[in-house]
Structure formats: C-alpha cells, structure tokens
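Here is what each chain is made of, one letter per residue.
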Amino acid sequence: MLGVVGAGTMGNGIAQVFAMHGHDVALLDINEDAVARGRAAIEKSLGRFVKKEKMTADEAAAIVARVKTTTSAKDLADADLVVEAIVENLAVKQKVFGELDREVKPDGILASNTSSIWITEIAAATKRPDRVIGMHFMNPVPLMKLIEVIRGHDTSDATTAAVFDLSKNLGKIPVEVNDSPGFVSNRVLMPMINEAIFCLHENVGTAEAIDTVMKLGMAHPMGPLALADFVGLDVCLAILEVLHRDLGDDKYRPCPLLRKMVMAGHLGRKSGRGFYSYD
Ligand code: 3HC
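Definitions and limits used
- Residues numbered from 1 in each chain as written.
- Predicted model: local features only at pLDDT ≥ 70, side-chain atom pairs only at ≥ 80, totals over all residues.
- Heavy atoms only, no water.
- Pairing = 2+ DSSP bridges.
- Helix = DSSP H or I, 4+ residues; strand = E, 2+ residues; numbered from the N terminus.
- Axes fitted to C-alpha atoms, helices over the stretch in contact; angles between N-to-C directions.
- Contact = heavy atoms within 4.5 Å.
- Buried < 20%, exposed > 50% of the residue type's maximum accessible area, 1.4 Å probe, protein only.
- Arc of directions from axis to C-beta.
- Domains from an automatic or database assignment.
- Buried area = accessible area lost by both parts, 1.4 Å probe.
- Salt bridge = Lys/Arg side-chain N within 4 Å of Asp/Glu carboxyl O.
- Polar contact = N/O pair within 3.5 Å; in protein donor to acceptor, adjacent residues only side chain to side chain.
- Nonpolar A, V, L, I, M, F, W, Y, C, P; charged D, E, K, R; others polar.

Asks: I keep staring at the sheet that holds strand S5 (residues 109–112) and nothing clicks. Help me out?
Replies: Working definition: the strands of a sheet are paired by backbone hydrogen bonds and lie parallel or antiparallel to each other. Pairing within the open sheet is mixed, and its eight strands lie in the order S3-S2-S1-S4-S5-S6-S7-S8. Two strands bound the open sheet, and with one partner strand each, they are strand S3 (67–70) and strand S8 (173–178). If you compare each strand with its neighbour and ignore which way they point, the axes differ by 25° on average. In the sheet, strand S1 (residues 2–5) pairs with strand S4 (residues 81–84) via four bridges, with the strands oriented parallel. The partner of Leu 2 across the bridge, within S4, is Leu 81. Helix-sheet contacts for helix H4 (residues 90–103) involve S1, S4, S5 and strand S6 (132–137), and the interaxial angle to S5 is about 165°.

Right, here's the structure in full:
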C-alpha cells in the first residue's frame, strides 16, 4: 500500500498514477471537502483517458476504487512509501513529517514532492533521515514522464534504489540529483520564467509574442508565461525567493511584476487570471 498526503493538484495526480499501476492508495488531507475534490479530479482525469479510448469505464472505476481517502494519518501506518504533496512551507512540512515518522511503519519510506525546500531539512524532523527522499513529480502528473529523485544528506542507497524501482514501475523515468535549492528542474526553469516576465515588464514584447517565440523557436510545448500560469504565480514566486535567498545571487531576483501580480491575487489558472484570462 502507498500513501499520499495532500489531495491538491499534485497529490491527486500522484495518487492516480499509483492506482493506475495497481497500487492500493491511501490519500490523506485535512478535511472531507479536500479529499472529495481530490477524488473528483482523479475521476475527471481518468474520464479523459476513457473518452480517448485509452481505458474502459470499468478500468477507470477499478482505479478509483483503489484510492481510499482519509483524514487520519493512522490510515497510512502500513504504507511502504508515503509521498507528501502539501503547501510549500517548511514548518508545515516538518510537522507533517514528524507525524508520519510516528505513524508510518519503521521501514516505510517518506518522500516529499517539494519543488524547492531542502530534503535534508525536512528529513531532520524525523528519526529516519536515511529513509527520507525527494520525489518531485511534474504537472500534469499522469502525463509527464520525469520524476526528479532528490537525495538528502542522509538518504541511503537502499532508499534511492527503492524509489527508482517504484518510479520505473509507474512508467516514469527517474533522474537522481542532489539536495540543492530548486534542485535541477526549478533552478533551470524558474530563471527562464522570471526572464520572460522581465521581458513583459520591460515591454520587450507582448505575452503572446514572448510565448510564441519560445513555443515556435525553441519547441517548448507551452510558452513560459502560459507555463507560469499553469504552475501558479505564487508557486513561481516562492521558488524564486528560495533560489535568491539560499544561493545568494541576484540573478534569481524575482521580477517586480511577478510580485505585484501575486499581491493582486492574480495567480494564474487557479484564480482565473494571470498573464492570460481563464474562464
Ligand atoms: N489527465 C489526463 N489527460 C490529460 C491531462 C490530465 N491531467 N491534462 C491534459 N491531458 C490530455 C488532454 O486530454 C490531451 O489529450 P489528446 O491530445 O489525446 O486530446 C492531451 O493531454 C494534450 O492536452 P491539451 O490538448 O489540453 O494541451 P497540450 O497539447 O498543450 O498538452 C500539456 C498539455 C501536456 C500540459 C503540455 O502543454 C505540456 O507538456 N506542457 C508543459 C508542462 C510542463 O512543463 N510541466 C512541468 C511544470 S513544472 C513542475 O511541475 C514542477 C513544479 O515544481 C513547479
């Protein structure tokens, strides 16, 4: 059995992928509304596969049935591995990992889907830092092939090997990296997104022009501003702040326009407005 903590976009996508590959899953969030929204998102995503005849309605129903939702960490006690996918806040993550450390069986692996927080610092909240690791899935989880596997200071070879095996079993491609701000994915992606926002801020081009240059010129599936809306502008800002603070280099300074948009509540797709409007 596998566990997932957090039923938001990333958490429900991870639970879905686990269940699609035959695993029983316990999906935990703080209240019934949150887990119900997570289950609805899984059903919606599976519905797209059914519509495209990539699976039958019966197969989709069996996948949904493998996901048990819960609001109690005690239901994760037997999990071989738990992935945490909650808010990007160190104090909250450390509290959750302390609780998981008490509730999950001693040989269970505790993974974090964090996009920028040190795995080593999360692991320090547990008595099993050798069995704490980063398992960074990409959005949308059911479609994206990569899992960035991040080794904390004390992550063991056995834990890394187990996560590699599981990732391959999920049809994903794991890549091992070491613990460092933003790891590889966001250390490279976020400065590109930030630079695209500076281009808009300095009127080098319109949002459409900037995105079209990168889509057609560099064969990116989405332009950087559309991708920022997809990831969430608050998430982009939080990651850039970690890069800026922890690497101490002004090249990671978040663009003032990004700050202002987050202050205004224009967070991208999830708020209906970011660099583009979403109905
Ligand atoms: N579940 C099931 N199917 C889905 C889906 C989901 N959640 N989301 C999209 N799809 C399907 C659609 O139904 C469609 O199927 P079809 O081609 O058979 O009709 C297909 O995927 C393509 O979707 P769309 O036509 O809506 O749009 P695109 O062709 O643009 O593809 C995309 C969507 C796969 C998201 C593509 O634009 C893409 O790869 N974008 C880049 C995503 C990316 O960079 N992700 C990483 C973000 S960074 C991150 O996650 C790290 C974090 O720490 C910040």
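Now that the structure has been shown, we can carry on.
Asks: Help me understand the environment of Thr 160, please; the structure alone is not making it clear to me.
Replies: Position of Thr 160 among the secondary structure elements: in helix H6 (residues 157–169). Relative accessible area serves as the criterion here: at 4%, Thr 160 is assigned to the buried category. In this structure the C-alpha to C-alpha distance between Thr 160 and Ile 150, which are 10 residues apart in sequence, comes to 8.5 Å. In this structure Thr 160 touches Ile 133, Val 149, Arg 151, Thr 155 and Glu 176, once residues within four positions along its chain are discounted.

Asks: What is the right way to look at helix H11 (residues 256–263) in this model?
Replies: Think of an α-helix as 3.6 residues a turn; residues three or four steps apart then line up on the same face. For H11, every residue scored as buried is listed here: Leu 257, Leu 258 and Met 261. Looking straight down H11, one finds that the buried residues subtend no more than 100° of arc, so they occupy a single side. H11 presents Lys 260 and Met 263 as exposed residues on the side facing more than 90 degrees away from its buried surface. Of the surrounding secondary structure, the elements contacted by the buried residues of H11 are helix H7 (185–201) and helix H10 (233–247). Downstream of H11 by one or two residues, Gly 265 has phi in the positive range, about 85°.

Asks: Explain the environment of Ala 196 here, please?
Replies: Within the secondary structure, Ala 196 is located in helix H7. For the pair Ala 196 and Gly 6, spaced 190 residues apart in the sequence, the C-alpha separation amounts to 31 Å. Setting aside its immediate chain neighbours within four residues, Ala 196 contacts Ile 210, Pro 224 and Leu 225.

Asks: Looking at this structure, how should I read the domain arrangement of the protein?
Replies: Frequently, the measure chosen for interface size is the accessible area that the parts lose on association. Considered domain by domain, the protein is made up of domain 1 (2–178) and domain 2 (186–269). One C-alpha centre belongs to domain 1, the other to domain 2; they are set 27 Å apart. Tallying the contact residues gives six residues for domain 1 and five residues for domain 2. Around 520 Å² of area is buried between domain 1 and domain 2 when both sides are counted, 54% of it from carbon and sulfur atoms. On the domain 1 side of the interface with domain 2, the three residues burying the most area are Ser 115, Ser 116 and Asn 139, jointly 63% of the side's total. Summed over the shared surface of domain 1 and domain 2, the number is zero salt bridges. The interface formed by domain 1 and domain 2 contains two residue pairs in polar contact (both at pLDDT 80 or more). Across the side of domain 1 that touches domain 2, the residue classes break down as two nonpolar, four polar and no charged.

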